[in-house]
Each structure stands twice: as C-alpha cells, then as structure tokens.
Amino acid sequence: MTSAQQRHVQAGPAERSAWQRTAAGANLLGADGKLGVTIFEEMTSLAVKHGAINLGQGFPDEDGPAEMMEAARAAILNGANQYAPGQGIPRLREAVAVHQERFYGITLDPWREVIVSTGATEGIAAAVLALAGPGDEVLTFEPFYDSYGAMIALAGAEHVTVPLHAPSFQPHLAELEAAFTPRTRLVIVNNPHNPTGAVFGRDVLARIVELAGKHDAVILTDEVYEHLVFGEPHIPVASLPGAAARTLTISSAGKTFSFTGWKVGWVTGPEELVARVRTIKQFLTYSSGTPFQEAVAQGLDYPDEFFRGIASALEAKRDILAEGLRAAGLDVFMPLGTYFITADAAPLGFDDALDLARRLPELVGVAAIPVSVFCHPEGAERTRSLLRFAFCKKEPLLAEAAARLSRLVDLV
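Let me sum up the structure you'll find in this document. Small disclaimer: the values here were computed from a predicted structure and weren't measured.

Basis of the calculations
- Residues numbered from 1 in each chain as written.
- Predicted model: local features only at pLDDT ≥ 70, side-chain atom pairs only at ≥ 80, totals over all residues.
- Heavy atoms only, no water.
- Buried < 20%, exposed > 50% of the residue type's maximum accessible area, 1.4 Å probe, protein only.
- Helix = DSSP H or I, 4+ residues; strand = E, 2+ residues; numbered from the N terminus.
- Pairing = 2+ DSSP bridges.
- Salt bridge = Lys/Arg side-chain N within 4 Å of Asp/Glu carboxyl O.
- Contact = heavy atoms within 4.5 Å.
- Phe/Tyr/Trp six-rings, centres within 6.5 Å; stacked < 30°, edge-to-face > 60°.
- Lys NZ or Arg CZ within 6 Å of the ring centre and 35° of its normal.
- Axes fitted to C-alpha atoms, helices over the stretch in contact; angles between N-to-C directions.
- Left-handed = near helix turned anticlockwise from the far one by under 90°.
- Nonpolar A, V, L, I, M, F, W, Y, C, P; charged D, E, K, R; others polar.

**Structural notes on the pairing of strand β14 (residues 386–390)**
Of all the 5 residues making up β14, 5 are buried; the element is thus mostly covered by neighbouring parts of the structure. Judged by which residues are buried, β14 turns out to be covered on both faces: L386, R388 and A390 on one side and L387 and F389 on the other are all buried. One ladder, built from 5 bridges, connects strand β11 (residues 340–344) with β14; its direction is antiparallel. Paired with I341 across the bridge in β14 is F389. Sheet topology places strand β13 (residues 369–370) next to β14; 2 bridges connect them, and they run antiparallel. Of the residues in β14, the one forming a bridge with P370 is L387.

This is the structure:
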C-alpha cells in the first residue's frame, strides 16, 4: 500500500451493526467496540473546565444579517410553519438556481436539478448512500471531514484517501491518479477544504474531472465555504469542461450567512443523479425548516458586495489569529478559504498535537483540534504534529486568543 493509495476497510463489516460501521468510519469506535467521546466533546469540556477560549469547533459566535432573521420571523408569523415540500420551497430552489447562474454561469432547472436538504451534512449522507455500496470505492482527500468517513462506512463501501501535503495542502497529481481504480464509484471533493483551509487549483480540479470520466465515477463536491475564499474566486467543479453531467454540488446557508443552526442546504446537478439523492433524502428528514428556507432565499439575492464583504471580514480575522500562532512559535500554513487555520507544533518540540491539544486549555487558555482526528491511521501519523484552529469568532476574542497563544513559546 502506498501513501497515495490508503484504503480503509472495517474488519468484519458483516458482524457490525450500522451504528458501529458509522462510528468506525468517523474514527469514533474504540478497539473494544464501544463508542468513544469525540475530540470535539473532549476539547469543549476542557475549555469549559479551564475557562479557555474554544477555537476547536467551527461555528461563529455572532449571528448573520438581521434582515434574514426578520425574514424568518415574518415567515413564522405569516404561517410558514408546516412541512415544506420535500424538494424545498419553490422560492429557495429558484434562488439557488439563480445563484449558480449569477456567480458561476451554471444553468439549472430549479424543479428537476435542485433539492433542499437539512444542511449540507444531510445532502452528503443522502448522496453517499444513494451512489455507493458494498464493493465500491469512495475517494476523498485526507485529512477528511468526518461525516465522509461515517457515511462511506455506513454505505458499506471502501474509503480510499489521497494525502494533502503541507504547506499548500495540494495533492500530488500522480498520487491522485494512482488512487483511482475500476471500482471507484464516487469522488468527494471538499473545496475549499476543511480542516486544512486549502483551495484546490484549477489543475487539480481538472485532473479530478478527467480521472472521474475515465473511470465513470460521480463527483460529489462539498462547497459550503464557496464564498469564504481569500484570493482567487471559487471554482465550482461543475463549471469545468466535462464535469456537469457527472457532478453533484452541495452547499448551504450555514457558513455563508453565519446561521449554522438553521441547517438549510442544497444539492444540485443532473436530474438523474438528483433524483437518486432525493429518494434517500426523503426518508431521512423529508423536509427542512420552512421559515428558514424563506429567509435563505432572500439572502441568496444579496448584492455582490455582501459576499465580498463577508470574505474580507473573515480574512482579517484569519490574520489576527495567524499572528498569535506565529508569536507562539508555531509554523502557520495560511489558509486560502474556510473558517480554519492549520499550524505545526513541531518547532516547539511537540510531535503529538493530540497531547498538546489536551494541555492547551490549561496551559494558555485556548482550545484547538488535532488534525490527526480527521485521518486514518497512516494519515494520522503524517499529520501528528498539526493543530486546527477556528477563526470564525469576534475580533476582540481572537485578539485575546492570540495574546494567550503568544505566551506558549515561553511555557514549553
């Protein structure tokens, strides 16, 4: 097995129940077969215990536009309190289609090629369960968002990963090609990428499209951070030559508008693929919050200046935290998108970021997440000195976190 071809197969899958496969796929199942505490729960508990600033979990500490909140309230008062259509309210499906055309030149039929999901997470789950199964391989990059591993395992498919290499966290194209096989049925592309903050170059995306075509694989793109990029504009995979007919695109309102608790997402793509996803989705949640859908439709119609502004504001927050991490003596890998920044603790003499993460809340009053938890064992070894910090917080809080972190170099 090469580093470009890491395959993760759960031992004895036939003997494990669905919940055990799911937990194992997300690195949550212990060797004794029991469910362990997630790293997010552990870090949150330590942050509370020591009064630390929690930069572990990726959610904002302030709400999005007041106008959208008022739109949701108005929708409630006007009676939008019953089930929305399973595909989503017409206004939101139309707004998603208009958004894709406006920003990316992608033309969609809102009645056949757009469905609304309960956040991007449900869209991911429904797509993986609809398109992959036993005997299939599903390809992701590594580190990977934990829900990918969970759903791949639940589907009974084999999880194949391609490593992302510091400092840019771009894959080697030769390793990418080597990971494809005749059994590759689905390729999940998280771009911009959580947890590294990488934005994949056009050459990488084009090669994914080419290889997916060669192996007749479907591309599932998770683009929830599409408007939170700090350099070149976001490139949707579906906009590339040869991609549209085999690409499902997932996004959501949570990250763009700082309403992560509303759980409104969407899946777009070719009618046949969307229909398969809809078949699974209708037996998961069936329908998402009706008044929130009304408000999100309004938000998607905001002018371009709004979307540029949220990215610019987040970039300033990134820079505040990056300065504190450098002052702490860590190597900082500047992200080109997302809520997250990755730093290497090796210069401080730490080769085990998990151990350091467990000490940080008491040591300096800041909580972070080790990148290794987003990997299979081989990838965890490769990333064992890396930490992920979330910078989607208010600037004064980030400034305080940076000041606390700057003391780290004198404490270790």
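**With respect to the pairing of strand β3 (residues 114–117)**
Of the two faces of β3, the one carrying V114 and V116 and the one carrying I115 and S117 are both buried. Pairing geometry for β3 and strand β9 (residues 265–268), over 4 bridges, is antiparallel. Residue V116 lies in a different strand from β9, and its bridge partner there is W266.

**Remarks on the pattern of salt bridges**
Following the criterion strictly, the structure yields 23 salt bridges and no others. The salt bridge involving E210 is made with R207; its shortest N-O contact spans 2.9 Å. A residue pair is termed a helical-turn pair when its members lie 3 or 4 positions apart in one helix, as E210 and R207 do in helix α8 (residues 202–214) at 3 residues. For R207, a relative accessible area of 17% translates into the label buried. The closest approach of N and O atoms between R384 and E381, which form a salt bridge, is 3.5 Å. Several salt bridges share partner residues, and in doing so they unite D351, D352, E381 and R384 into one network.

**Quick look at the side chain of T290**
Mapped onto the secondary structure, T290 falls in helix α11 (residues 290–299). On the basis of relative accessibility, which here comes to 10%, the residue T290 falls in the buried class. Residues within four places of T290 in sequence aside, it is in contact with A80, Q82, Y83, A84 and I89.

**Observations regarding the packing of aromatic side chains**
Any two aromatic rings considered together are summarised by their centre-to-centre distance and by the angle between their planes. According to the stated counting rule, one finds 18 aromatic pairs in the structure shown. Look at F103 and Y104: their rings are 6.1 Å apart centre to centre, the planes differ by 45 degrees, and that puts the pair in the tilted class. Y104 gets classed as buried once you look at its relative accessible area, which sits at 14%. Ring centres of Y339 and F340 lie 6.2 Å apart, and the angle between their planes is 70 degrees; this geometry places the pair in the edge-to-face category. For the pair formed by Y339 and F340, the shared burial category is buried. Aromatic ring contacts, followed pair by pair, group F103, Y104, F257, Y302, F306 and F307 into a single cluster. Cation over ring: R388 sits above F340, and NZ or CZ is 3.7 Å from the ring centre. Positioned above the aromatic ring of F59, the side-chain terminus of K393 is 4.2 Å from the ring centre.

**A few points about the packing of helix α3 (residues 66–77) against α11**
Axis separation between α3 and α11 bottoms out at 8 Å; the angle between their running directions is 140 degrees. Judged by the sense of rotation from one axis to the other, the crossing of α3 with α11 is right-handed. In contact with E67, M68, A71, A72, A75 and I76 of α3, α11 contributes P291, F292, E294, A295, V296, Q298 and G299. Here the residues of the contact of α3 with α11 are counted per class, giving 9 nonpolar, 2 polar and 2 charged.

**Considering unusual backbone geometry**
With omega at -5 degrees, the peptide bond leading from N191 into P192 counts as cis. Along the polypeptide, P192 turns up in the loop between β6 (184–190) and α8. That bond from N194 to P195 is cis: its omega, 20 degrees, falls within 30 degrees of zero. Tracing the chain through its elements places P195 in the loop between β6 and α8. Notably, N27 is not glycine yet its phi reads approximately 65 degrees, a positive angle. Looking at the secondary structure, you find N27 in the loop between α1 (18–25) and α2 (39–50). Non-glycine residue F169 carries a positive phi angle of around 55 degrees. Within the secondary structure layout, F169 lies in the loop between β5 (158–163) and α7 (173–179).

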